[in-house]
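Residue-level structural notes
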Amino acid sequence: MNLPVGEVISRGVNLKDVDAKRLIESFYDKKFSGYLVVTLRGYDGLEEGVLLFKEGSLAASLFEYDFYGVTIFGDAAIPQVFNSFAATYVVADVVYLSNQQVDLVTAFNDKSRLTKEIKKSDVGRLIPNAYSADFAKQTLSQVVDKKESKKDIFKKLGLGGLGG
């Protein structure tokens, strides 16, 4: 997803040093408009999740498995983004956007819009105690050819010598 640059509030925040629940809840309290991007070393490489807020309400979400080029949108991305908060290696960027910029993001990325409201009181139960690779395994098993090994994927990318 292409996101507007906006005003960077914080960059590269190690979520192991921050209470993620309180951070997300503060977006509701402050009527925040903008997005939180989390980048983590996940199940099989880099993963990235986005939570987009408008006036303190969660408006959209997406989650990407970079190695596979797979993106999950909207309501289906919510559990995966919140799961990422519990990863061992995860950093976050927080970017302020105007309400008009948020509207443009959701207009051009309709699939990312949430159909179910996520309330402030839901945040605590959505963040697990430990990261689970089960989300990745389940999602990727549905979209990636099971017969295709890492070596095959590297070969497709013209990097055959790296697949082992």
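Residues numbered from 1 in each chain as written. Predicted model: local features only at pLDDT ≥ 70, side-chain atom pairs only at ≥ 80, totals over all residues. Heavy atoms only, no water.

**Describing the environment of serine 10**
Summarising the element assignment, serine 10 is placed in strand E1 (residues 7–14). Relative accessible area serves as the criterion here: at 23%, serine 10 is assigned to the partly exposed category. C-alpha separation for the pair serine 10 and valine 95, spaced 85 residues apart in sequence, amounts to 7.1 Å. (Helix = DSSP H or I, 4+ residues; strand = E, 2+ residues; numbered from the N terminus. Buried < 20%, exposed > 50% of the residue type's maximum accessible area, 1.4 Å probe, protein only.)

**Section: the sheet that holds strand E6 (residues 90–96)**
Taken in spatial order, the six strands make up an open sheet running E1-E6-E2-E3-E4-E5, and their pairing is antiparallel. For this open sheet the edge positions go to E1 and strand E5 (70–73), each flanked by a neighbour on one side alone. Across the sheet, the mean angle separating the axes of adjacent strands is 15° when strand polarity is ignored. Here strand E2 (residues 34–42) runs beside strand E3 (residues 45–54); their pairing, made up of nine bridges, is antiparallel. (Pairing = 2+ DSSP bridges. Axes fitted to C-alpha atoms, helices over the stretch in contact; angles between N-to-C directions.)

**Some words on unusual backbone geometry**
For lysine 31, which is not a glycine, the phi torsion comes out positive at approximately 55°. Mapping lysine 31 onto the fold places it in the loop between helix H1 (20–29) and E2. When its relative accessible area of 57% is taken as the criterion, lysine 31 is described as exposed. Even without being a glycine, glutamate 55 presents a positive backbone phi close to 50°. As for its placement among the helices and strands, glutamate 55 is situated in the loop between E3 and strand E4 (57–65). For glutamate 55, a relative accessible area of 45% puts it in the partly exposed group.

The quantities given are spatial measurements derived from coordinates; they are silent on function.
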